[in-house]
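Working through the structure, step by step
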Amino acid sequence: MRILLFSTLYPNAAAPTHGVFVENRLRAYLEKYDADVRVVAPVPWFPFTQNMFGHYARFAQAPEEETRAGVTVYHPRYFLTPKIGMGRAPFALADCLRRTLSELEDEGWTPDLIDAHYLYPDGVAAAAVARERNIPLALTARGTDVNLIPDYPAPRARILDAVVGADAVITVADALKKRLVELGAPAKKITTLRNGVDLERFRPLEREEIRRIMGLSGTIIASVGHLIERKGHHLVIDALADIPDTTLLIAGDGEDERALKAQAKQLGLSERIRFLGAVPHGDLVDIYNASDALVLASSREGWPNVLLEAMACGTPCIATNVWGNAEVISSPAAGALIPERNASAIAKAVKRVIAAPPDRAAVRSHAEAHSWNETVYGMHGIFSELTGKAKRGRRVAASPIQTNDQGRPKLIVTVDTEEIFDWSDFSTGEFQLAAPGDIDSFQSLCERAGVKPLYFMTYPLLKSTDVACYYWAKADRGHADCGLHMHPWVTPPDDAATGEYYSYQKNYSAAVRRDKKHALANAYKSVFGRRATAHRAGRYGVARDSYPLLAEIGVRYDFSPSAGFDFSSSGGADFTGYSNHPFRIITPGGSIDVSPVSGARAIRHTQQFLSQERAAPGFAAPRRRPFTEPARLTPESTSLDTLMALTRRLIADKTPVLTFTLHSTSLTKGANSYAPDAAGVDRIMTVTRDYLSWFQNRVGGDVISLDELAALYNDRKDIAA
């Protein structure tokens, strides 16, 4: 398994405690599982290494490349304007990742997955690159990337887009998962894997001996973390004034150091406070063991490692009741939560714990329930699933189809034949079936025009005797072709996954997709007595690794991609870079010929369509085209003039076969937004009739059946991809 870990939160030789929790998780994983890991930990560019420049100098002092615990770590530079550069940071970080990935690929190293930490800007950057390169992505949310940054609209939108587009999302606390779901993330794809603690490094030691060496006596409390406002050191200093005969150890450095020392002096507490500066992570064990309690007065936390580390040393903790803190201090043996974030409440909590401290062995026992084991096992399950996805995808090769037919333009008419349901729901709730007769007018129109439509049928229709018999009769008489159309929310087995994200079948595990596809294929076979050879994914929710599963159930012709359209904001695929030309996919189970739904992007508010033929037919990276809007070859909310303009673009691009499509529910008044009433149905019928007449009589095109499409594709030479 090849893993690329990407995060700006990672230690380096110049900043050995920076993001140590990310490195700790990786080390815990590598202790149990073999993996080939590379770390890309970008560092802001800064020109001067002199210590007078403070933490900025450490950016310049960080090595370009180093080895930590046997893992190669790269520190590419990116430009970040202090205070105002966060809006640009995702783009700068994405460039860093692209450059490093290209260098690694030149050396023959390609990751099976990207493991990115911190959602903004790191996760947003990783999501963009993973999407471009079709690399599975796991994101880990850690704290302020969920409980602070999403308060700002632009980062919130980017974070949600990254989370929806990722293959897996990990949060280090249930509170962070809950917040992401509130923001609109799909709950089922988010797994809580809490940070563990190194129980061998952090362990109870002889307290009095450590105090003797450190020159400490009496009651000792500690406050550990960067010297910044949200860590609350200033509140602990204020509280100390009300806690007599107690010494406070402050471990950490940061921008508030001078102000905190001035505060201590003003309150007359300088003799009772020791500022220890930045303490190496391994040396914190002495701080924890020397203390009677650790105080964490943060305003926000994800899953604070310092609490578990102190508990592992037998030291109780006192922390503000925010975010993940309550999940760590979950019993009296662990310490106490501060109900309000102020000095008075902190002082009361500290005095209460010191007056009746929990037994050190009990505190240690609480920490032992939080070893790295559970987290590491969970990580391996997620990483194995993503690695499997990458391997399945690599087994799928695509090459363009070149037909020998250079004659008249070709068109195939397809229908998403489905149940009536609330298009904003996508649940396993109620649905209705349209009366089979609602399709009669459309079918008659096709028969008069010599058109044999291809109906893609969902599971509920196939299980309805009346509906299934109607389509069986049309197919039996040679008036129509039929295929598969999977709406995963109404196709067994029930996976209890609901919502728009799971309306795209690509977002289910391979095992669930396989079971659902087999259920749909078996329902089709029970009606038609043979296996279906044609398929379209409901809501165009196809993925590269879906094709081996389609071949497994006998599909040979797929119509799922929708050229020019991007569904990624809600969890779907991004087809903006796709060609309209057909391509052949080779899978271990057989070949599948793919005909995209014909579409293109037009300059906004015009009918000037741009070519989709910048990339070769097949899987293509997303392509951003600002100031454009997509349209597909459909009579639904599309005028005849627009359809004609799009068709001219497709013909100019020498598209071998144009795919025209609509929903069966658009032929039932009030069944969907395209046909809210009888007039809506009439409009769709009129546009369809006039378009087919124009295509056949004015363009001189042929409308072909599935069999004729198969013949056209079989009479060709494959072009190597």
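Residues numbered from 1 in each chain as written. Predicted model: local features only at pLDDT ≥ 70, side-chain atom pairs only at ≥ 80, totals over all residues. Heavy atoms only, no water.

Helix and strand content of the protein: 24 helices and 30 strands. Along the three orthogonal principal directions, the C-alpha set of the protein runs to about 100 × 50 × 45 Å. Buried positions account for 58% of the 721 residues belonging to the protein. Contacts in the protein between residues far apart in sequence, at least 24 positions, make up 73% of those at least 6 positions apart. Positive and negative side-chain charges of the protein, numbering 83 and 83 respectively, have mean locations separated by a distance of 3 Å. (Helix = DSSP H or I, 4+ residues; strand = E, 2+ residues; numbered from the N terminus. Buried < 20%, exposed > 50% of the residue type's maximum accessible area, 1.4 Å probe, protein only. Contact = heavy atoms within 4.5 Å. Lys, Arg positive; Asp, Glu negative; His and termini not counted. Charge placed at Lys NZ, Arg CZ, Asp CG, Glu CD.)

Let us look at empty space enclosed by the protein. For the structure shown, the criterion picks out two cavities of 30 Å³ or more. Taken as a whole, the largest cavity encloses approximately 110 Å³ of empty space. Ala434, Ala435, Leu461, Tyr471 and Ser664 are the residues nearest the centre of the largest cavity, which is lined by 15 residues in total. Among the residues forming the lining of the largest cavity, the class breakdown is nine nonpolar, four polar and two charged. Estimated volume of the second largest cavity: approximately 40 Å³. In terms of lining residues, the second largest cavity is bounded by Asp416, Tyr540, Arg632, Thr634, Glu636, Thr661, Leu662 and His663. Per-element tally for the lining of the second largest cavity: the top contributor is strand 28 (residues 657-663), with three residues. Its residues placed into classes, the lining of the second largest cavity shows two nonpolar, three polar and three charged. (1 Å grid on protein atoms, 1.4 Å probe; cavity = no way out; pocket = protein on both sides within 12 Å on 5 of 7 lines; lining within 4 Å. Points joined across faces, edges and corners; volume = space filled by probe spheres on them. Nonpolar A, V, L, I, M, F, W, Y, C, P; charged D, E, K, R; others polar.)

This part takes up the nonpolar core. Grouped together as the largest cluster of nonpolar side chains are 98 residues, with contacts concentrated most on Phe6, Ile114, Leu180 and Met311. Among the elements that line this core, the one with the most residues is helix 4 (residues 119-133), at eight residues. In terms of nonpolar packing, the next biggest core, distinct from the first, is built from 76 residues, Ala480, Met486, Ala620 and Val681 among them. (Core = buried A, V, L, I, M, F, W, Y, C linked by side-chain atoms within 4.5 Å.)

As a further point, take the pattern of salt bridges. Taken as a whole and judged by the stated rule, the model has 37 salt bridges. For Asp167, the salt bridge goes to Lys389, with nearest N and O atoms at 2.3 Å. Taken together, the residues span a long stretch of sequence, with Asp167 in the loop between helix 6 (153-165) and strand 9 (168-171) and Lys389 in helix 16 (residues 373-394) at a distance of 222 residues. Lys389 sits in the partly exposed class, given a relative accessible area of 25%. Linking Arg392 and Asp545 is a salt bridge whose minimum nitrogen-to-oxygen distance equals 3.0 Å. With Arg392 in helix 16 and Asp545 in the loop between strand 21 (534-537) and helix 21 (547-552), this pair connects stretches of sequence that are 153 residues apart. A relative accessible area of 16% means that Arg392 is categorised as buried. (Salt bridge = Lys/Arg side-chain N within 4 Å of Asp/Glu carboxyl O.)

Per-residue pLDDT for the protein has a mean of 92; in total, 98% of the residues score no lower than 70. For the stretch residues 716-721, pLDDT sits under 50, and the model shows 17 contacts to residues farther than four places along the chain or on other chains. (pLDDT = per-residue confidence, 0-100.)

It is worth spelling out the pairing of strand 15 (residues 317-320) at this point. Of the two faces of strand 15, the one lined by Cys317 and Ala319 and the one lined by Ile318 and Thr320 are each fully buried. Across three bridges, strand 14 (residues 293-296) lies against strand 15 in parallel orientation. Pairing of Leu294 across the sheet is with Cys317, part of strand 15. Handedness of the crossover joining strand 14 and strand 15 through helix 12 (residues 305-312) is recorded here as right-handed. Sheet topology note: the strand 15/strand 16 (residues 335-338) ladder contains four bridges and is parallel. What sits directly across from Ile318, in strand 16, is Ala336. (Pairing = 2+ DSSP bridges. Right-handed = clockwise from strand over helix to strand, strands pointing away.)

A word on a negative patch on the surface. Together, Glu65, Glu103, Asp106 and Glu107 line one region of the surface with negative charge. Among the structural elements, Glu103 can be located in helix 3 (residues 89-106). (Patch = residues over 30% accessible without salt bridge, like charges linked within 9 Å, V, L, I, M, F, W, Y side chains within 5 Å. Areas by Shrake-Rupley, 256 points an atom, 1.4 Å probe, with all protein chains shown as cover.)

A separate point is the sheet that holds strand 27 (residues 628-632). Within a sheet, adjacent strands bond to each other through the backbone by hydrogen bonds, running parallel or antiparallel. Spatially, the three strands line up as an open sheet ordered 26-25-27, and their pairing is antiparallel. Two strands close off the open sheet at either side, each with one partner strand: strand 26 (609-610) and strand 27. In this structure, strand 25 (residues 599-603) lies alongside strand 26, joined through two bridges in antiparallel fashion. From the neighbouring strand, Ala602 faces strand 26, where its bridge partner is Phe609.

Tracing the backbone shows Asp198 in the loop between strand 10 (190-192) and helix 8 (207-214). Distance from Asp198 to Ala343, taken between C-alpha atoms, is 31 Å for residues 145 residues apart in sequence. Polar side-chain contacts of Asp198 include one of 3.1 Å to the backbone nitrogen of Arg201. (Polar contact = N/O pair within 3.5 Å; in protein donor to acceptor, adjacent residues only side chain to side chain.)

This part covers helix 3. Taking 1.5 Å of rise per residue, 18 residues should cover 26 Å, and helix 3 covers 26 Å from first to last C-alpha, within 8% of that figure. Within the span of helix 3, buried status applies to Ala89, Pro90, Ala92, Leu93, Ala94, Cys96, Leu97, Thr100, Leu101 and Leu104. Where helix 3 terminates, the next one or two residues include Gly108, which has phi positive at roughly 90°. (Expected span 1.5 Å × (residues − 1).)

Moving on to the sheet that holds strand 2 (residues 36-40). Read across the sheet, eight strands follow the order 4-5-2-1-7-8-9-10 without closing on themselves; strand pairing throughout is mixed. Edge positions in the sheet fall to strand 4 (65-68) and strand 10, since each has one partner strand and no second. Along the sheet, successive strands turn relative to each other by an average axial angle of 25°, direction set aside. Relative to strand 5 (residues 71-74), strand 4 runs antiparallel, the two being bridged by four bridges. Its bridge partner lying in strand 5, Thr67 is registered against Thr72. Contacting strand 1 (2-6), strand 7 (113-117) and strand 8 (137-141), helix 4 runs over the sheet at an angle of about 175° to strand 8. Contacts between helix 7 (residues 174-183) and the sheet are confined to strand 8, strand 9 and strand 10, with strand 10 contributing the most and set at about 165° to the helix. (Axes fitted to C-alpha atoms, helices over the stretch in contact; angles between N-to-C directions.)

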